Amino acid sequence: MSRPWESWDHVLKVDPDKELYGDETFADVCRTGTDAIEIGGTLDVTTAKMERVMTACSEHDVALYQEPSNPAVVVEDEALDGYLVPVVLNATDPFWITGAHKEWVRIANGVDWDRTTTEAYVVLNPDADVAELTEADCDQSPDDVAAFARAAERMFGQEIVYLEYSGTLGDPEVVAAADDATEEATLFYGGGVGDYDSAYQMGRHADVVVVGDLIHDAGADAVRETVQGARDATAETVSPDSG
Ligand code: 1GP
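So, here's what we can say about the structure.

Parameters at a glance
- Residues numbered from 1 in each chain as written.
- Predicted model: local features only at pLDDT ≥ 70, side-chain atom pairs only at ≥ 80, totals over all residues.
- Heavy atoms only, no water.
- Salt bridge = Lys/Arg side-chain N within 4 Å of Asp/Glu carboxyl O.
- Helix = DSSP H or I, 4+ residues; strand = E, 2+ residues; numbered from the N terminus.
- Near = heavy atom within 4 Å.
- Polar contact = N/O pair within 3.5 Å; in protein donor to acceptor, adjacent residues only side chain to side chain.
- Areas by Shrake-Rupley, 256 points an atom, 1.4 Å probe, with all protein chains shown as cover.
- Nonpolar A, V, L, I, M, F, W, Y, C, P; charged D, E, K, R; others polar.
- Core = buried A, V, L, I, M, F, W, Y, C linked by side-chain atoms within 4.5 Å.
- Buried < 20%, exposed > 50% of the residue type's maximum accessible area, 1.4 Å probe, protein only.
- Contact = heavy atoms within 4.5 Å.
- Phe/Tyr/Trp six-rings, centres within 6.5 Å; stacked < 30°, edge-to-face > 60°.
- Axes fitted to C-alpha atoms, helices over the stretch in contact; angles between N-to-C directions.
- Left-handed = near helix turned anticlockwise from the far one by under 90°.
- Disulfide = S-S within 2.5 Å.

Brief notes about the pattern of salt bridges
Alright, step 1. Enumeration according to the criterion identifies 16 salt bridges in this entry.
Alright, step 2. The salt bridge partner of Asp221 is Arg224, with a shortest N-O separation of 2.6 Å. Linking Asp221 with Arg224, this pair stays in helix α9 (residues 220-238), spanning three residues, or about one helical turn.
Alright, step 3. Several salt bridges share partner residues, and in doing so they unite Arg3, Glu6 and Glu159 into one network.

What follows is the structure, encoded as structure tokens:
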């Protein structure tokens, strides 16, 4: 499988269980300038809700991925560019490290391996639904997170390391530590990004800034600003003058 995320700066995560902002449509959602849309949520996601979002987004020219929160909601759809499957490295319930994945392989009528990639999550906001669900141990120092990131890349061959602060803006020092610890893997950061400045701040360290709730709470224009923040941060970090 190619690694399109290596060239991404920004991902928009759409929760199929949440309404769009105001009278916005999926056409608006698909025109924020993001590099890819990930469809996924932690709670109350069903295949019907997934399919509704997928069908609507597939009419527009944007890369489309499903992020299934559990094996029961995987939707087979040719419109998808692929599946990004979370593996929660700091879950204390092993179901979210290997159990869900084993169940998926067991019950699936064949997994589309060419379009399936795992994301090595480190969940860091103890108040987030995902932390509660996976019983994640969120008490992690920058050194701990760096070690998780390096283990993910070097021991487990993960192409994507995902620092997940869902619902709150994370600690830039932690993101910087994970950035320093990884060489090949693409570092995703998600959580609490709500404007240009926060996208820029996290994009200075992460390769890809993931924005979720903002599309539901403030709409496409607000998300467009975060795309710009992430792009500008990338442009500066690759600039020879950036130090
Ligand atoms: C959630 O990381 C994403 O999985 C984005 O988080 O909803 O806080 O933007 P927010």
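With respect to the site of the ligand
Alright, step 1. By nearness alone, every residue bordering the ligand is listed as Lys13, Tyr162, Glu164, Ser166, Gly167, Gly190, Gly191, Gly192, Val210, Val211, Gly212 and Asp213.
Alright, step 2. Tyr162 has a polar side-chain atom sitting 2.7 Å from an oxygen atom of the ligand.
Alright, step 3. At a separation of 2.7 Å, an oxygen atom of the ligand approaches a polar backbone atom of Gly167.
Alright, step 4. Calculation on the ligand without its partners gives an accessible area of 300 Å², and the protein chains cover 91% of this total.
Alright, step 5. Within the residue set of the shell around the ligand, elements represented by two or more residues are β6 (160-164) and β8 (208-211).
Alright, step 6. When grouped by side-chain class, the residues that make up the shell around the ligand number three nonpolar, six polar and three charged.

Considerations on the nonpolar core
Alright, step 1. Formed by 57 residues in total, the largest nonpolar core has its most connected members in Leu12, Phe26, Val29, Ile37, Leu163 and Tyr189.
Alright, step 2. Ignoring any residue separated from it by four or fewer positions in sequence, one finds Tyr189 in contact with Leu163, Tyr165, Thr168, Leu169, Gly170, Val175, Met202, Ala206, Val208, Val209 and Val210.
Alright, step 3. Trp5, Val11, Ala36 and Tyr162 belong to the second-largest nonpolar core, a separate cluster that totals 21 residues.

Observations regarding the packing of aromatic side chains
Alright, step 1. Across all of its chains, the model carries 10 aromatic pairs by this definition.
Alright, step 2. Ring plane angle 75° and centroid distance 6.0 Å describe the contact between Trp5 and Trp8, whose orientation is recorded as edge-to-face.
Alright, step 3. The exposure class assigned to Trp5 is buried, which follows from its relative accessible area of 0%.
Alright, step 4. Using a relative accessible area of 7% as the deciding quantity, one classes Trp8 as buried.
Alright, step 5. Here the aromatic residues Trp5, Trp8, Tyr65, Tyr121, Tyr162 and Phe188 are joined through ring pairs into a cluster of three or more.

Structural notes on the packing of helix α7 (residues 196-203) against α9
Alright, step 1. Contact pair α7 / α9: the axes reach a minimum separation of 7 Å and the direction vectors enclose 35°. When the axes of α7 and α9 are compared, the crossing they make is right-handed. Together, Tyr196, Ala199, Tyr200 and Gly203 of α7 and Glu225, Thr226, Gln228, Gly229, Ala230, Asp232, Ala233 and Glu236 of α9 make up the contact between the two elements.
Alright, step 2. Its residues assigned to classes, the contact of α7 with α9 comprises five nonpolar, four polar and three charged.

Let's talk about the state of the cysteines
Alright, step 1. The final tally for this structure, using the stated rule, is zero disulfides.
Alright, step 2. We note that Cys57 lacks a disulfide partner, and the nearest cysteine sulfur, in Cys30, lies 3.8 Å from it.
Alright, step 3. Look at Cys57 and you get buried, because its relative accessible area is 0%.

A few points about unusual backbone geometry
When glycine is set aside, most residues are seen to have a negative phi, and most peptide bonds are trans.
Alright, step 1. A positive phi angle is found at Asp44, which is not glycine, with a value near 55°.
Alright, step 2. Within the element layout of this structure, Asp44 appears in the loop between β2 (36-39) and α2 (47-57).
Alright, step 3. In this structure Asp44 comes out as exposed when scored by relative accessible area, which is 57%.
Alright, step 4. With a phi close to 50°, Glu135 is a non-glycine residue in the positive phi region.
Alright, step 5. With respect to the element layout, Glu135 can be found in the loop between α4 (129-134) and α5 (142-155).
Alright, step 6. In this structure Glu135 comes out as partly exposed when scored by relative accessible area, which is 45%.

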